[in-house]
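# Coordinate analysis (summary)
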Amino acid sequence: MHELSLYGAVPAEDHVQILQQLAGVTRMQPQHVEEIHLVFKARTPPGLEKVHGSGGSQGNQQQQNEIQRLKGMLQSGIYFVQLVGTIVASQTPAELQNGQLFDTERNELVEDRTQQKVNWRFEFKDTPESTKQPTNTRLISRTRFEDGEMIAFMDLFGFEYVNRYYIEGQKFYNQDTTIFVHRVRQLPTADNIRDTSDIAKIPPRSELQLLDPSEGFVLQATIDIVDGNVQELKDRAVRQLLALKETLKQAVTLAPADRLALDTRIPIPVRRI
Amino acid sequence: MAPSVSLTVPYESVAARKPRDLQAEVHQIVQQKGAFRKVTERSLLDEIQKPKHGDTKDSDVESDVSDESDEPETAQAANEKLWQRRMEMQARVADARNEALSVLDAVSLAASGHSAAAQATMSPALKQAVPKGGFRPKVTEPKDLSQNAKKRLQDLSVMTRSQSFQNASEKFGSASTRLESEAQKQSKYWEQMASLRSKGWQISRLPHDNRSVVVHFGAADSSQQYRDKGMAYIRQDENGDLFIPGQAEMQTQKVLCVRVHRGFKTTGSFTYRQEPIEGHVKLHQDLLLAREALFMEELFTEASKEARLIANIGVQARSSSITFDLSEDCSVEVAYSSVRSGKSTQRHADDELASMVGNTLRLMLVAEHQQRHVQRSQQAPPPMSQTLRPPPEYVLLRPIINQLRHHQMITPVLDVLKIYKSSLEQAGLHLTYTTECISNQASTHLTLEALKELITTEIKLKLPSETLLSVKVRTHLSPPMFGTQFSTSGYSSECGSCALSPTSSITAMLQTLNDILSRDISCVVLGFIRRTKNQASWHGGDVYPIQLVHEESNVPQLSFVIGCREGKLAVGSLKEGVDSAPRVQWAGELSATQQEARSLLDTIGTWITESSSS
């Protein structure tokens, strides 16, 4: 599956206005979204450093080249991956409204961690392709994780926990496009690594510090396509995204992001051979 | 000035002699009367009128024409006349030319002092006779005008000036009135726009056409084609009132009508009408009408699509109607026609059924729209793929047919139970039953959702022997049932056991019910007999009068008759007739077949004899 996206910046003071405009364009009310993102790093294959490239004689040039190639292969395919947990209410909205858990003025769920549960998914995103297309195109993969010890499972799977953060925002859906207006909050480090994925241990949203002190939001417009190698499909998605860009021209400027800013590869430590 | 002359060449006679081509004729007309684009209705009328006024100048021509018409001349005479006219014409042209040349000479002479061009235009004779520049123009001093003339001149200038002022004021006046009316129109426009907004209509500009304003009246979550149709441009007429174009077509729109037919008669009809609301402006009414028309169109189109899908359950879809059967002689027709009949005051028996179907159809479509909105706004769109996703089918007719057929199937069962109940009550036995609709839906307010599910009705029976029996009737038009299924819980007593496994036959159902009741009544009777031992008097034959007497007090408690009536097991009571002879008043039949009744009666007979002998 491929993901085509465009990005735009929404200042904090324009946020409400943008939401209203998006609600008009997409003919729906904003869907409030809260997500926890756990960042994992793939471990380098053990024993890689023991592979010695040098020390051979001149005649072993071909073997050395072979070793270099192998090393390159083992190191280049190492990426950061994420475990994304969407926080949802464990009860239906109707019950929540009856139970006075729905704040009608702010149109948001009142935070009560005991009433919430998390839907986890494993997300891999490649670095965007280096093309001259007017959108960011990248390979993605999403897998749902139903239940279990997330951190331990990932550890056994060969991924090492790095960091975590929290995303809040509103989602809109228009045809095939998902518009996500969001901002990032920092999550404190958990005392115990096992508690990292436990939402009951997460402090309320107001206590979480914003990553961007200007309190601005990011607007991300995305279309997922089944196969990015089919040109016709890609063109259709690009057309739709550009049409949206044109529609939202007055409100927010949508543009592809810097490719390297979306890089998910783990930098290879430069080692002298 | 030379008197104006009119010369007409009588071309008619020539034309009459030899046919000319149209082009030449047109050319001639253009030459004589001017271009056709200058021809107006008025000018043509004037031309027709002119001869009638009897213009003196044309009189001779006319008389000539009349002469011509009176006595047709020979070709020779006509030719002569033509030549004569031509010569006359040439003489006049020569005169005119002469005069023009002499004027040219005079002007050239006057200007010859200053201009070389003027010298060139002088005639050679003049050049010889008069030296160049012989004439000199001289500006003369204005004469002292008389007092009278001065005054006249002054008056004239004042008059001219005042006239120009008057013209200007008139122009300004008309401009101001125009502006005023424009301003009024503008204010009216915004006022009506505001009132439209306040009534809840959604108004927006089109992104690609910045100048036009559209009003949305259609449902936001209908299919693409109806969503596009659900908006209209707002225009302003000459009086400044807003209107939506294409309203005339809407007046002749088709309407949706539900009719119920029994046999060949229409026994019920329903047409949804948008009643005009008092005190609303025309635009608002028009929008309501437009919304209604669009809604009807979508409803019928979607229902037709669905009807084609469910043709297997006996739904017929035609271009302007959908028909489905409820029972063998009863059918419901949903018609979409342009016949807008007047409000019929005639009431039919099935009007309620028709209105139920009509209103439920509307509600189903609204519910489908709502469901689409919820789906669209709460679920992320699936990834884009090459295979086009067909728009989801609406479920409109199925729940209604399901419900109606279920009702249709349950009615005979309830009718039979009613008869049993009353007859058994007369015999002193009690049969009670309650019906209960079982739904999986937890909450009660989502009835439309509940309509779409499998419908199950449970009839809970309390048989005369106090045994509980439950009869389940389930209807579902989709696989695996494709209809109605009946089933009963197991019945078991000393008179035998019986149960009905799910079947779609109503006859089997009624038979089983009969069987169970017969067995139960027999059981009750047996119980009574056992309790009263020898008190029961027993006479053989087809009628078994049974009197049950209380064991201790010897007071008769219940007396009834079980017998064979017209080959069927029946329960009744013993009454005294007119001649004090005993007579049986039958209350109701119990068993379905003669054989069964006979065997049951025999069983009862054996039981009674057994119990009395013991």
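For the structure given in this document, a descriptive report is provided here. (Residues numbered from 1 in each chain as written. Chains lettered and ligands numbered in written order. Predicted model: local features only at pLDDT ≥ 70, side-chain atom pairs only at ≥ 80, totals over all residues. Heavy atoms only, no water.)

It is worth spelling out the overall build of chain B at this point. On a plain count of helices and strands, chain B comes out with 16 helices and 20 strands. For chain B, contacts bridging at least 24 residues in sequence account for 52% of all contacts bridging at least 6. When the accessible surface of chain B is split by element, carbon and sulfur atoms take 53% of a total near 39100 Å². (Helix = DSSP H or I, 4+ residues; strand = E, 2+ residues; numbered from the N terminus. Contact = heavy atoms within 4.5 Å. Areas by Shrake-Rupley, 256 points an atom, 1.4 Å probe, with all protein chains shown as cover.)

What follows covers the sheet that holds strand 2 (residues 213-216) of chain B. Residue and element names in this part refer to chain B. What the three strands build is an open sheet, ordered 1-2-3; its pairing is antiparallel. The open sheet has two edge strands with one neighbour each: strand 1 (202-205) and strand 3 (231-233). Strand-to-strand twist of the sheet, defined as the mean angle between neighbouring strand axes without regard to direction, takes the value 30°. Pairing geometry for strand 2 and strand 3, over three bridges, is antiparallel. Note on strand 3: the bridge partner recorded for Val214 is Tyr233. (Pairing = 2+ DSSP bridges. Axes fitted to C-alpha atoms, helices over the stretch in contact; angles between N-to-C directions.)

It is common to report an interface's size as the accessible area lost on association of the parts. Between chain B and chain A, the residue contacts involve 17 residues of the former and 20 residues of the latter. Here chain B packs against chain A, burying approximately 1500 Å² in sum over the two surfaces, 56% of which is carbon and sulfur. The tally of links from chain B across to chain A stands at zero salt bridges. The tally of links between chain B and chain A comes to seven residue pairs in polar contact (both at pLDDT 80 or more). Taken together, the residues of the side of chain B that touches chain A break down into seven nonpolar, six polar and four charged. (Buried area = accessible area lost by both parts, 1.4 Å probe. Salt bridge = Lys/Arg side-chain N within 4 Å of Asp/Glu carboxyl O. Polar contact = N/O pair within 3.5 Å; in protein donor to acceptor, adjacent residues only side chain to side chain. Nonpolar A, V, L, I, M, F, W, Y, C, P; charged D, E, K, R; others polar.)

Turning our eyes to something else, we now look at unusual backbone geometry. All names here are of chain A. In this structure, Arg27 takes a positive phi of about 55° despite not being glycine. Position of Arg27 among the secondary structure elements: in the loop between helix 1 (15-26) and strand 2 (31-42). Arg27 gets classed as partly exposed once you look at its relative accessible area, which sits at 29%. (Buried < 20%, exposed > 50% of the residue type's maximum accessible area, 1.4 Å probe, protein only.)

Further remarks concern the pairing of strand 6 (residues 116-125) of chain A. Residues and elements named next belong to chain A. Burial within strand 6 is extensive, with seven of its ten residues counted as buried. With eight bridges connecting them, strand 3 (residues 80-89) and strand 6 associate as antiparallel partners. Directly across from Thr86, in strand 6, lies its bridge partner Asn119. Of the pairings in the sheet, the one linking strand 6 to strand 7 (residues 136-145) comprises six bridges and is antiparallel in character. Paired with Trp120 across the bridge in strand 7 is Phe145.

Residues and elements named next belong to chain B. With antiparallel pairing, four strands are arranged side by side in an open sheet as 11-12-13-14. With one partner strand each, in any of the chains shown, strand 11 (432-438) and strand 14 (483-488) form the two edges of the open sheet. On average, each strand axis in the sheet is tilted by 15° relative to the strand beside it, whichever way the strands run. In this structure, strand 11 lies alongside strand 12 (residues 455-462), joined through seven bridges in antiparallel fashion. Of the residues in strand 12, the one forming a bridge with Thr432 is Lys462. Running at roughly 10° to strand 12, helix 13 (residues 397-426) makes contact with strand 11, strand 12, strand 13 (468-476) and strand 14 of the sheet.

All right, on to helix 13 of chain B then. Spanning 30 residues, helix 13 of chain B covers 44 Å between terminal C-alpha atoms, matching the ideal 44 Å at 1.5 Å per step. Directly after helix 13 of chain B, the chain includes B:Gly428, whose backbone phi takes a positive value near 90°. (Expected span 1.5 Å × (residues − 1).)

Attention now moves to the pattern of salt bridges. Inspection of the entire model under this criterion finds 29 salt bridges over all chains. Where A:Glu129 meets A:Lys234, a salt bridge forms, and the shortest distance between an N and an O atom there is 3.4 Å. Taken together, the positions of A:Glu129 in the loop between strand 6 and strand 7 and A:Lys234 in helix 5 (residues 231-247) put the pair 105 residues apart, joining distant regions of the chain. Residue classification places A:Lys234 among the buried positions, given a relative accessible area of 9%. The residue B:Asp350 makes a salt bridge to B:Arg262 at a minimum N-O spacing of 2.7 Å. Residue B:Asp350 is located in the loop between strand 10 (330-337) and helix 12 (351-378), and its partner B:Arg262 is located in strand 6 (residues 255-262); the two are separated by 88 residues in the primary sequence. Note on B:Asp350: relative accessible area 10%, which makes it buried. Assessed through its relative accessible area of 33%, B:Arg262 is described here as partly exposed. A single salt-bridge network, built from bridges that share partners, covers A:Glu3, A:Glu35, A:Arg121, A:Glu123, A:Lys125, A:Arg138, A:Arg142 and A:Asp224.

Turning next to the packing of aromatic side chains. Residue and element names in this part refer to chain A. Summed over all chains, the structure comprises ten aromatic pairs over all chains. A centroid spacing of 5.3 Å and a plane angle of 85° characterise the contact between Tyr79 and Phe124, whose relative ring orientation is edge-to-face. A residue pair is termed long-range when its members are at least 10 positions apart, and Tyr79 in the loop between helix 2 (61-76) and strand 3 and Phe124 in strand 6 qualify at 45 residues. Residue Tyr79 is classed as buried on the basis of its relative accessible area of 18%. Both rings, one in Phe122 and one in Phe145, keep their centres 5.8 Å apart while their planes meet at 10°; by these two values the pair is stacked. (Phe/Tyr/Trp six-rings, centres within 6.5 Å; stacked < 30°, edge-to-face > 60°.)

Below, the discussion takes up the nonpolar core. Of all hydrophobic cores here, the largest spans 33 residues; its most connected members are B:Val315, B:Ile322, B:Phe324, B:Leu396 and B:Leu397. Looking at this core, the elements with two or more residues in it are strand 6, helix 11 (282-309), strand 9 (321-325), strand 10, helix 12 and helix 13 of chain B. If you count residues domain by domain, this core takes at least three from each of domain 2 (213-375) and domain 3 (399-613) of chain B. Counting residues in hydrophobic clusters, the runner-up holds 27 residues, among them A:Val10, A:Met28, A:Val238 and A:Leu241. (Core = buried A, V, L, I, M, F, W, Y, C linked by side-chain atoms within 4.5 Å. Domains from an automatic or database assignment.)

Residues and elements named next belong to chain A. Looking at the secondary structure, you find Glu3 in strand 1 (residues 2-10). Classification of Glu3 by relative accessible area gives buried; the value is 2%. Residue contacts for Glu3: discarding those within four places in its chain leaves Lys125, Asn136, Thr137, Arg138, Ile140, Arg142, Thr222, Ile223 and Asp224.

This next bit is on helix 1 of chain A. Residue and element names in this part refer to chain A. Between its first and last C-alpha atoms helix 1 spans 16 Å; for twelve residues at 1.5 Å apiece the expected length is 16 Å, and the two agree. Listing the buried residues of helix 1 in full gives His15, Ile18, Leu19, Leu22, Ala23 and Thr26. For helix 1, the arc enclosing every buried residue in end-on projection is 140°, short of the 170-degree limit, so these residues lie on one face. Within helix 1, the exposed residues directed more than 90 degrees away from the buried face are Val16, Gln20 and Gly24. Downstream of helix 1 by one or two residues, Arg27 has phi in the positive range, about 55°. (Arc of directions from axis to C-beta.)

Counting through the fold element by element, A:Thr178 comes out in strand 9 (residues 177-186). For A:Thr178, a relative accessible area of 14% puts it in the buried group. Each residue touching A:Thr178, except ones within four places of it in the same chain, is listed here: A:Lys171, A:Phe172, A:Tyr173, A:Gln220, A:Ala221, A:Thr222 and B:Pro381.

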